[in-house]
Amino acid sequence: MRLHLVDGTYELYRAHYSPRPGTTAPDGRDVKATAGVMDSLLALLHDEQEAVTHVAVAFDNPIRSFRNALFAGYKGDEGVPPELRAQFDLVEEAVAALGVRVWSMKDQEADDALATAAARWAGEVEQVRLLTPDKDLGQCVRGQRVVQVDRRQQKVMDAEGVKAKLGVEPQSVPDLLALMGDDADGIPGLAGFGAKGASAVLQAYGHLEAIPDSAAEWTVKVRGADKLAATLKAHRDDARLYRTLATLVEDAPLPGTASLADLEWKGVPEARFKAFCEGLGLKSLQRRPKRWAAS
C-alpha cells in the first residue's frame, strides 16, 4: 500500500495560472482551475507507476490559519483573484466526485493535514508520498518511507534528497526557514541570512538553540559570521517565532477520517462524477476515468 497526500491548494493555483485554455461552466462561471485539478488528479489516480491505493487531498479554505494570529505578516487571502477564490468550495466538490477523500482545513493549513497524516500512517504503508514542491514539507520526510514528490519536475526527494537540495536534515527545515525566510508564507527571516549561510550554520548546530551567540565560538566558517551572529543574538525571539510559523503540526483534525481504511481509493463513482461534469460542462473529462468504483 502507498499513501498519496496531495496539496490541493498548490494544485488549484497551479491549474489557475497554467497555460491551459480557459474553461467556463454553462452558467458563466470560470472553472478553469477546478477542471485543471480534476485532470491532474485523474492522471495521478491512473498512473501505474504511482500505484495509488490510498489518497487524500487537503485544501486551505480559507487561506488563513492559527498562524495569522501569531504573526500579522503571515500569508492570507489578500491578492487571491476573485475568480479563483470563487472555486475554493467547488474544487472540494470536484475532488470528492473522483472518490477521493477531501480535507478542508479551517484553523490549520493543508500542509498541517499532510504532516499529520504522514506521521500517523507512515508505519502502516510501504511509503507515504507528499505531492507538493513546497519547501516546508521537507521537514516531514523520513528516509525513504516518507518522501516528497514534485510531479511537475518529476522529482522524488527522500531524506538525502532534502539535504542535497536545502543543505540541512529534514528536522532542521523549520529552523532554516526561520533564518532565511519563506516568501511564499510571508516569513521574513533574519536580515543577512541567505540560504547558503543559514544552511551552513544549521549543518553544524541543527537547531536555533544550539547556535552560539558569538561567531568566535562557531565551528563552521560562514561569510559575514560576526554580523550574522550579532543579528541572531538580537533577534533570537523573532527567529523562534518564525520557526513556530514554519513548523507543521502533526495533530491537525482530518475531517471524515478515522483510520487509514477511510483513505482507500476504490475508483471513480460513475454517477456522481458524470453528474458533476455535466453540471460544469466538462464533457471531455467524462471520458477520462479508466477505473470506476463498484456500484
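Calculation notes
Residues numbered from 1 in each chain as written. Predicted model: local features only at pLDDT ≥ 70, side-chain atom pairs only at ≥ 80, totals over all residues. Heavy atoms only, no water. Helix = DSSP H or I, 4+ residues; strand = E, 2+ residues; numbered from the N terminus. Buried < 20%, exposed > 50% of the residue type's maximum accessible area, 1.4 Å probe, protein only. Arc of directions from axis to C-beta. Contact = heavy atoms within 4.5 Å. Pairing = 2+ DSSP bridges. UniProt positions renumbered as here; feature names shortened; annotations may be inferred. Salt bridge = Lys/Arg side-chain N within 4 Å of Asp/Glu carboxyl O. Axes fitted to C-alpha atoms, helices over the stretch in contact; angles between N-to-C directions.

Below, the discussion takes up the environment of glutamine 144. Among the secondary structure elements, glutamine 144 is positioned in the loop between strand E4 (127-131) and strand E5 (146-150). Through-space distance from the C-alpha of glutamine 144 to that of glutamine 127 is 7.4 Å; in sequence the pair is 17 residues apart.

The complete set of buried residues in helix H12 (residues 270-280) reads Phe273, Phe276, Cys277 and Leu280. All buried residues of H12 fall inside an arc of 95° around its axis, so they share one side. In H12, those exposed residues whose orientation departs by more than 90 degrees from the buried face are Ala271 and Glu278. Next to the buried residues of H12 lie helix H2 (32-45), helix H5 (88-96) and helix H13 (283-286). Downstream of H12 by one or two residues, glycine 281 has phi in the positive range, about 70°.

Across the seven residues of strand E2 (residues 54-60), seven count as buried, placing the element largely inside the fold. Alternating residues of E2 divide into His54, Ala56, Ala58 and Asp60 and Val55, Val57 and Phe59, and every residue in both groups is buried. Sheet topology places strand E1 (residues 2-7) next to E2; five bridges connect them, and they run parallel. The residue of E2 that forms the bridge with leucine 3 is histidine 54. In this structure, E2 lies alongside strand E3 (residues 101-105), joined through five bridges in parallel fashion. Residue pairing in the sheet places aspartate 60 in a bridge with methionine 105 of E3.

Mapped onto the present numbering, the UniProt feature "domain: 5'-3' exonuclease" (unreviewed entry) falls at residues 1-266. Across residues 1-266, the secondary structure splits into 38% helix and 12% strand, with the terminal C-alpha atoms separated by 13 Å.

A cis amide bond links asparagine 61 to the next residue, proline 62, at an omega of 10°. Tracing the sequence through the fold places proline 62 in the loop between E2 and helix H3 (66-70). Positive phi values are uncommon outside glycine, yet alanine 51 reaches one of about 50°. For alanine 51, the position within the fold is in the loop between H2 and E2. Looking at alanine 51, the relative accessible area reads 37%, which means it is partly exposed. Non-glycine residue glutamine 154 carries a positive phi angle of around 55°. Inspection of the secondary structure assignment puts glutamine 154 in the loop between E5 and strand E6 (155-157).

As a further point, take the pattern of salt bridges. Across all of its chains, the model carries 18 salt bridges by this definition. Ionic pairing is found between arginine 14 and glutamate 11, a salt bridge with its closest N-O pair at 3.2 Å. Of the two residues, arginine 14 and glutamate 11 both sit in helix H1 (residues 8-16), three residues apart, roughly one turn of that helix. With a relative accessible area of 29%, arginine 14 lands in the partly exposed category. Measuring nitrogen to oxygen at the nearest pair gives 2.8 Å for the salt bridge that ties aspartate 213 to arginine 236.

Next up on the list: the sheet that holds E4. Pairing is mixed across the open sheet formed by six strands, whose spatial order is E3-E2-E1-E4-E5-E6. Strand pairing shows two members of the sheet lacking a second neighbour, E3 and E6, which therefore form its edges. Sheet twist, expressed as the average angle between the axes of neighbouring strands with direction ignored, equals 25°. Here E1 runs beside E4; their pairing, made up of five bridges, is parallel. Among the inter-strand pairings, valine 6 is bridged to a residue of E4, identified as leucine 131. Helix-sheet contacts for H5 involve E2 and E3, and the interaxial angle to E2 is about 175°.

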